[in-house]
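Report on the structure
Next come the chains, spelled out residue by residue.
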Amino acid sequence: MSELPAIYVKSHVSRDILQNAALFKTDKLVVWEYVANGLQYGDIGTNPTVTVRLDSKNHKITIADNGRGMDWSGLQNFFVMHGENLDRKGGHVGRGRFGTGKSAAFGLANVLRVTSVREGKRSTVQLTRTDLDLVTSGAPVPVCTIEKEVSTNMLNGTLIEIGEVHLRSLDQAGIIRYIERHLAKWPKNSSVFVNNHECEYMEPPIAEVSRFNPTGTILERIGKVELVIKIAKAPVEEDARGIAIFSNGVWHETTLAGSENKEMANFLLGEIDVPALEEDRSPISAFDLSRSMKLNPNNETVQAVYSFIGQHIEAIRKELVQRERTKRLSEESRRLCAQANEIAAFLNEDFAKANSKLSRVRAKAAGSVDFLPRPIEGDGNDLLWGNDLPAARRPFDNSGGNDGDGGGKSSGSERRLFNGQVLLGGEDLQAKSGATNPKQASARGGFQVQFQSMGADDRRATYAPEDRTIYINLEHPQIEAARGARDVDDPIFKRLVYEVAFTEYAIALSSELARRGEYLDASDPIFEIRETINRLARRAASLYRI
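Since the structure is predicted, the reported quantities are computational estimates derived from the model, not experimental observations.

The end-to-end C-alpha distance of helix α9 (residues 300-328), which contains 29 residues, comes to 42 Å, matching closely the 42 Å that a straight helix rising 1.5 Å per residue would cover. If you check the start of α9, you find a side-chain oxygen 2.9 Å away from the backbone N of Thr301, and it comes from Asn299.

Structure follows, in C-alpha cells:
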C-alpha cells in the first residue's frame with residue numbers, strides 16, 4: 001500500500017494581501033500605518049520626524065521618515081505577510097504585531113513604492129495591484145526591484161509612495177485629527193507634518209480630573225493600573241471622547257463602555273494603560289489584525305477593562321447630569337436658556353426657508369437632464385425643520401407686550417424678529433413638556449443653541465452635528481468682556497452672541513449641505529456661508545437700533 005501524500009497548510013499570497021488590504025478602509029488608517037512605522041523604527045539619538053504629502057489632484061500619498069531605514073534583508077522581511085516582528089522578537093514591544101501593514105496601501109490604491117536608505121545603501125522596490133492579480137495560484141508574488149543597495153550620501157530613512165489612489169479627494173482634516181489623537185501617547189520628541197500642518201495633540205480644556213484604581217477580581221485580572229477620567233468644559237468631538245485604552249503605550253481603543261449617546265457623556269474623556277492586555281495569552285486574543293481600533297469583547301481581560309471603565313464613567317456621567325439640572329434652575333441660567341431658544345428659533349426660521357428654497361430649485365430642475373449627482377440615499381429629510389406632527393409657531397415677545405404689537409419698546413408697526421415657541425396642536429410644546437432644556441423643547445429636525453462655559457482657550461462656539469446644537473462659550477474672552485457685569489439681556493451681550501451664533505450656524509448649514517453632496521465646486525461652501533451671514537444680519541438689523 002502506497003503512502004498517502006502529506007497535507008500542509010498553505011496560503012494564497014496575492015489573495016491574502018488583498019484581503020488584508022480591505023481591512024484598511026479609510027485614508028487615515030492607511031496613512032497612520034506608515035506614519036507609525038516611521039516613528040517607531042528609528043535610530044537611537046534621532047528625534048523621529050515623518051512628513052506626509054497628500055496630493056488629491058494627482059491621487060498620490062507620500063510618507064517620508066528619518067527612521068533607521070531598511071537594508072535589502074530588511075526589505076525582504078517587510079514584504080513577508082504575517083512575518084514575525086523583529087523588534088517584538090528582540091523584546092521591544094511596539095504596535096507591530098501581525099505583519100499586515102505592507103498591504104495597507106492596496107486598501108485604497110494600486111501602487112506601493114518603497115525607497116529605503118540604510119547605512120549609505122539605497123534600495124527601491126515596487127508592488128502593484130496588477131502584480132497581485134496576475135498571480136492566480138498560491139505562488140509567491142514577485143516584487144519589482146528598481147534599484148538595489150546603490151551607494152548614496154542620503155541619511156537613513158524610508159519613503160513610502162502610494163499611487164493611483166481611488167478616492168476622489170483625500171480627507172486632510174480627518175487624517176490630521178487621527179494622527180494628532182495617536183500622538184497623545186507618543187514621545188514628545190516625535191514630529192509629524194501633513195502638508196503644511198504640524199500635528200500636535202491639543203487636549204480640550206478640562207474642568208475636573210478623577211483617578212481610580214481597580215480592586216478585587218478586577219485587580220487580579222488587569223493588574224495595578226490607573227483609570228483617569230476627565231470632564232471637559234465643552235462637548236468633546238466624537239472621535240476624541242471616551243477613555244483611550246493603551247497597553248504599554250500602544251493605543252488600541254477609545255470607549256465610553258456603554259455610556260455612548262447618553263446625556264453629558266460627550267463631556268468625558270480620559271485614558272488607561274493596561275499592560276495585561278499585551279501579556280494576555282488566552283485562547284481568545286484581546287486583539288485582531290484589522291487595525292479597527294477595537295479590542296475583542298470576548299476576551300476576559302478586555303471584559304474586565306470594560307467593566308472597570310464602565311462603572312466609573314457611568315457614575316461620573318450621572319453626577320454631571322444632576323449638576324446640569326441643578327444649574328438650570330438658577331435665574332440667570334433660565335434667562336440664558338430663553339435667549340438660546342430665541343436664537344434657535346431665529347435660525348430655524350432661516351433653516352426652514354433655506355430648505356424650502358432648495359426644494360423649489362430641485363422641483364424646477366426636475367424636468368431637465370440630470371447631470372448632477374443625486375443626494376446621498378437616506379438623507380433626503382435631513383434638512384427638514386421639525387417632524388411630521390401638525391404644529392404652529394408662537395412668536396417670542398421680546399418687546400415687552402403680550403399681544404404682538406410691540407408693547408412699549410417699539411412703535412408697534414415693526415414685525416417681530418423671533419418665531420420661537422413651537423405649538424403642537426395649539427398647545428405650547430415647552431409648557432406641556434415642562435422642559436427647560438432646549439434639547440427637550442426643540443423640534444427634532446432644527447438647530448438648537450446652548451450657552452456653555454468651555455474655557456478661555458476654547459473657540460467662541462462649537463457645533464455638535466449629531467444633535468445639531470450650537471454651543472456658545474461664555475468664557476471666551478470676547479463674550480466674557482461683552483457680558484461683564486451686565487445683565488444677559490443687555491443689548492451689547494445679545495448682539496455679540498447673535499453674531500457668534502450666526503457665524504457658527506452659517507458654517508454648520510454649509511457642512512450639512514456638503515455632507516449631502518450638494519456642492520460641486522470648492523468655492524460653493526464659501527459663497528453659501530457669506531450669503532447666510534448676510535441674510536441673517538439683514539433680518540437682525542433691529543438688534544442694533546437704539
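This next bit is on the nonpolar core. In terms of nonpolar packing, the biggest core is built from 50 residues, with Tyr34, Val35, Ile162 and Ile179 touching the most fellow members. With 8 residues, helix α2 (residues 27-40) is the single largest residue contributor to this core. Core analysis: the next-biggest nonpolar cluster, separate from the first, contains 34 residues, Ile343, Ile472, Ala501 and Leu513 among them.

Here the structure, examined in full by the defined rule, presents 22 salt bridges. Its salt-bridge partner being Arg211, residue Glu226 comes within 3.3 Å of it at the nearest N-O pair. Remark: Arg211 occurs in strand β9 (residues 206-212) and Glu226 occurs in the loop between α7 (216-222) and β10 (227-232); sequence separation between them is 15 residues. The class of Glu226 is partly exposed, set by a relative accessible area of 36%. The partner of Lys353 in a salt bridge is Glu349, and the shortest N-O contact between them spans 3.7 Å. Remark: Glu349 and Lys353 occur in helix α10 (residues 331-365); sequence separation between them is 4 residues, near one turn of the helix. For Glu349, a relative accessible area of 8% gives the class buried. Through salt bridges with shared partners, one network takes in Asp43, Arg118 and Glu119.

Quick look at the sheet that holds strand β3 (residues 111-118) now. In spatial order, the strands read β5-β4-β3-β6-β2-β1-β7-β8; together these 8 strands make up an open sheet with mixed pairing. A single partner strand is all that each edge strand has here, and the edge strands are β5 (144-151) and β8 (197-198). Of the strand pairs in this sheet, strand β1 (residues 49-55) and strand β2 (residues 60-65) are connected by 6 bridges, and their pairing is antiparallel. Across the sheet, Val52 pairs through a bridge with Ile63, a residue of β2. Here α2 sits on the sheet in contact with β1, β2, β3, β6 (157-163) and β7 (191-194), set at roughly 155° to β1. Packed onto the sheet, helix α6 (residues 172-182) meets β1, β7 and β8 and runs at close to 175° relative to β7.

Next up on the list: unusual backbone geometry. One non-glycine residue, Glu149, adopts positive backbone phi at about 45°. Structurally, Glu149 is set in strand β5. One non-glycine residue with positive phi stands out, namely Asn248, at about 55°. Within the secondary structure, Asn248 sits in the loop between β11 (242-247) and β12 (250-255).

All right, on to the side chain of Thr255 then. Inspection of the secondary structure assignment puts Thr255 in strand β12. According to the relative accessible area criterion, Thr255 is buried, its value standing at 8%. Within polar-contact distance, the side chain of Thr255 engages the backbone nitrogen of Ala257 at 2.8 Å. If we skip the residues at most four places from it in the chain, Thr255 touches Gly242, Ile243, Ile245, Glu260, Tyr306 and Ile309.

Bringing the environment of Pro477 into the picture now. Inspection of the secondary structure puts Pro477 in helix α13 (residues 477-483). The class for Pro477 is partly exposed, based on a relative accessible area of 45%. Along the backbone, Pro477 and Arg459 are 18 residues apart, and their C-alpha atoms lie at a distance of 9.8 Å.

Time to look at the packing of α2 against α6. Two elements in contact, α2 and α6, have axes whose closest approach is 9 Å; the angle formed by their N-to-C orientations is 45°. Comparing their axes, α6 and α2 come out oblique. In the crossing of α2 with α6, the sense of the turn from one axis to the other is right-handed. Packed against α2, whose contacting residues are Asp27, Lys28, Leu29, Val31, Trp32 and Val35, the element α6 presents Gly174, Ile175, Tyr178, Ile179 and His182 at the interface.

To continue, consider the confidence of the model for the protein chain. Averaged over the protein chain, the pLDDT score is 80; the fraction of residues at 70 or greater is 78%. Throughout residues 384-444 the model reports pLDDT below 50, and contacts reaching past four residues in sequence, or to other chains, amount to 107 contacts.

Attention shifts here to the sheet that holds β12. Here we have 5 strands laid out as an open sheet, ordered β9-β10-β13-β11-β12, and mixed in their pairing. Sheet topology places β9 and β12 at the edges, where each strand pairs with a single neighbour. Here the average twist between neighbouring strands, direction ignored, is 20°. Sitting on the sheet, α9 is in contact with β9, β10, β11, β12 and β13 (268-273), with an inclination near 25° to β10.

With that settled, the discussion passes to the pairing of strand β19 (residues 469-473). Within β19, 5 of the 5 residues are buried, which leaves it mostly tucked inside the rest of the structure. Of the two faces of β19, the one holding Thr469, Tyr471 and Asn473 and the one holding Ile470 and Ile472 are both buried throughout. As judged from the 5 bridges shared by strand β17 (residues 448-452) and β19, these two strands associate in the parallel manner. Across the sheet, residue Phe451 finds its bridge partner in β19, namely Ile472. Of the strand pairs in this sheet, strand β18 (residues 461-464) and β19 are connected by 4 bridges, and their pairing is antiparallel. Across the sheet, residue Ala464 finds its bridge partner in β19, namely Thr469. Linking β18 back to β19 in an antiparallel pair, the connection comprises 4 residues, with Arg468 at a positive phi of about 50°.

Calculation rules
- Residues numbered from 1 in each chain as written.
- Predicted model: local features only at pLDDT ≥ 70, side-chain atom pairs only at ≥ 80, totals over all residues.
- Heavy atoms only, no water.
- Helix = DSSP H or I, 4+ residues; strand = E, 2+ residues; numbered from the N terminus.
- Expected span 1.5 Å × (residues − 1).
- Polar contact = N/O pair within 3.5 Å; in protein donor to acceptor, adjacent residues only side chain to side chain.
- Core = buried A, V, L, I, M, F, W, Y, C linked by side-chain atoms within 4.5 Å.
- Buried < 20%, exposed > 50% of the residue type's maximum accessible area, 1.4 Å probe, protein only.
- Salt bridge = Lys/Arg side-chain N within 4 Å of Asp/Glu carboxyl O.
- Pairing = 2+ DSSP bridges.
- Contact = heavy atoms within 4.5 Å.
- Axes fitted to C-alpha atoms, helices over the stretch in contact; angles between N-to-C directions.
- Parallel < 35°, antiparallel > 145°, perpendicular 65-115°, else oblique.
- Left-handed = near helix turned anticlockwise from the far one by under 90°.
- pLDDT = per-residue confidence, 0-100.

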